[in-house]
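Fold and geometry: a report
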Amino acid sequence: MNDAVQIRDLVKTFGGGRSLFGRKASEVRAVRGISLDLQRGETLGIVGESGSGKSTLARMLVGLEAPTAGTMLIDDKPWPELAAAGTRAFGRTIQYVFQDPVASLNPRKTIGDILDVPLRLLCGYDASRRAARKRALIDAVQMPMDTLERYPHEFSGGQAQRIAIARALAAEASILVLDEPVSALDVSVQAQVLLLLQQLRDDLGLSYLFISHDLAVVEAISDRVAVMYLGEVVEMGPAAQLFAAPQHDYTRSLIASAPRLTPDAA
Ligand SMILES: Nc1ncnc2c1ncn2[C@@H]1O[C@H](COP(=O)(O)OP(=O)(O)OP(=O)(O)O)[C@@H](O)[C@H]1O
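First, a word on what this report is: a plain description of the structure on this page. (Residues numbered from 1 in each chain as written. Predicted model: local features only at pLDDT ≥ 70, side-chain atom pairs only at ≥ 80, totals over all residues.)

1. Topic: the overall build of the protein
A tally of helices and strands in the protein yields 10 helices and 10 strands. Scaling as 2.2 N^0.38, a compact globule of 266 residues should have a C-alpha radius of gyration of about 18 Å, and the protein matches this with 19 Å. Among the 266 residues that make up the protein, the fraction classed as buried is 39%. A fraction of 66% describes how many contacts in the protein between residues 6 or more apart in sequence connect residues 24 or more apart. (Helix = DSSP H or I, 4+ residues; strand = E, 2+ residues; numbered from the N terminus. Rg over C-alpha atoms; globule rule 2.2 N^0.38 Å. Buried ≥ 20, exposed ≤ 12 C-beta atoms within 10 Å, placed from the backbone. Contact = placed C-beta atoms within 7 Å.)

Laid out in structure tokens, this is it:
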């Protein structure tokens, strides 16, 4: 069995076509030849300033953007084959957790109905199996059972993110792309959600690509960290080593501008 994700020479370019008047539109090279592996069972943190290409990488992984060039092997399946197999195959392999949990949940539906969607569309389970699975999911994210009858606006940000995590786990995908999953939460709530994520990863054997601009959060949860700058990975290594002895100038400046982490580096 290979790594959970293998990425080679991945490129994403936006724009660059001809405008109506034949002029060449300007081109944004959001991802410029990235190669990295996400090992099974690990959390790989991705850090980098705004615009470094983190979300574009994430969106390609979960099938929301097509790569311009390069290859991706996701849970042993090549990207084009997975995309051709359709939403169902993709959704059962890799799932995305968004930054804003409340906005990501349909306000007109109960949590039970929200969890029903992937169980019906991606798994094809019958009603009794869906009901049992919904209870198991709510239990896994440590929420009370009456959550299933309530609506998204009745929950705090941290509770809503637990529900969004339950939805991401519904179709039993083993790879989660977590895009700033705790950035919208208070610091004390962040710690609880991070702890839950770690427990779920260990209990269910999940692999996480964890994107954040918050270095303290990334250091706390990641086994390894990749640093992105202008669409490239400029440094990658074990989290403790990378934060203690960064090799690249950009990593050093990123750490120096995060005073909570490096009081000695200021
Ligand atoms: N659909 C798009 N069309 C054109 N340019 C895009 C598109 N999506 C992203 N970009 C550009 O690609 C570059 C990388 O953006 P991306 O959102 O991946 O960065 P990021 O590191 O995730 O930033 P942030 O932390 O602010 O989310 C930016 O210059 C952005 O403007």
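Here the narrative resumes, following the displayed structure.
2. Considering helix H10 (residues 249–256)
Residues of H10 that are buried: Thr-251, Leu-254 and Ile-255. End-on, the buried residues of H10 take up no more than an arc of 95 degrees, which puts them together on one face. In this fold, the buried residues of H10 make contact with strand E3 (43–47), helix H8 (215–221), strand E9 (224–229), strand E10 (232–238) and helix H9 (239–244). (Arc of directions from axis to C-beta.)

3. Examining the packing of helix H4 (residues 111–121) against helix H5 (residues 127–140)
Two elements in contact, H4 and H5, have axes separated by 10 Å at closest approach and are oriented at 120 degrees. The two elements H4 and H5 meet at a crossing, and its hand is right-handed. Contacts from Gly-112, Leu-115, Asp-116, Leu-119 and Arg-120 in H4 reach Arg-130, Arg-133, Lys-134 and Leu-137 in H5. Tallied by class, residues from the contact of H4 with H5 come to 3 nonpolar, 1 polar and 5 charged. (Axes fitted to C-alpha atoms, helices over the stretch in contact; angles between N-to-C directions. Left-handed = near helix turned anticlockwise from the far one by under 90°. Nonpolar A, V, L, I, M, F, W, Y, C, P; charged D, E, K, R; others polar.)

4. Some details on the sheet that holds strand E2 (residues 27–38)
Pairing within the open sheet is antiparallel, and its 4 strands lie in the order E2-E1-E4-E5. In this open sheet, the two strands that pair with only one neighbour each are E2 and strand E5 (77–78). Strand direction decides the pairing type here: strand E1 (residues 5–15) and E2, joined by 9 bridges, are antiparallel. When the bridges of E2 are listed, Leu-10 appears paired with Ile-34. (Pairing = 2+ DSSP bridges.)

5. Let's talk about the nonpolar core
By size, the foremost hydrophobic cluster in this structure holds 70 residues, and its most contacted members are Ile-46, Leu-61, Ala-166, Val-177, Leu-209 and Phe-210. The element contributing the most residues to this core is helix H6 (residues 157–169), with 7 residues. Setting aside anything within four residues of it in sequence, one finds Val-177 in contact with Ala-58, Leu-61, Val-62, Ile-94, Tyr-96 and Leu-209. (Core = buried A, V, L, I, M, F, W, Y, C linked by C-beta atoms within 7 Å.)

6. Considerations on the site of the ligand
In the vicinity of the ligand, 13 residues are found, and the nearest of them are Phe-14, Ala-30, Ser-50, Ser-55 and Thr-56. Secondary structure elements with two or more residues in the shell around the ligand: E1, E2 and helix H1 (54–61). Split by residue class, the shell around the ligand holds 3 nonpolar, 9 polar and 1 charged. (Near = placed C-beta within 6 Å.)

7. Remarks on the sheet that holds E10
Taken in spatial order, the 6 strands make up an open sheet running E6-E7-E8-E3-E9-E10, and their pairing is mixed. A strand with exactly one partner marks an edge of an open sheet, and here the two such strands are strand E6 (94–97) and E10. Sheet twist, expressed as the mean angle between neighbouring strand axes with direction ignored, is 20 degrees. Where E3 lies against strand E8 (residues 207–211), 4 bridges are found, and the strand directions are parallel. From the neighbouring strand, Leu-44 faces E8, where its bridge partner is Leu-209. Across the sheet, H10 touches E3, E9 and E10, and the angle it forms with E9 is around 100 degrees.

8. With respect to H6
An α-helix turns once per 3.6 residues; consequently, residues spaced three or four apart project the same way. In this model, H6 (13 residues) spans 18 Å end to end at C-alpha, consistent with the 18 Å of a helix rising 1.5 Å per residue. Where burial is concerned, most of H6 is hidden: 11 out of the 13 residues are buried. Considered for burial, the residues of H6 that qualify are Gln-159, Ala-160, Gln-161, Arg-162, Ile-163, Ala-164, Ile-165, Ala-166, Arg-167, Ala-168 and Leu-169. Here the buried face of H6 lies against E6, H4, H5, strand E7 (175–179) and helix H7 (187–204). (Expected span 1.5 Å × (residues − 1).)

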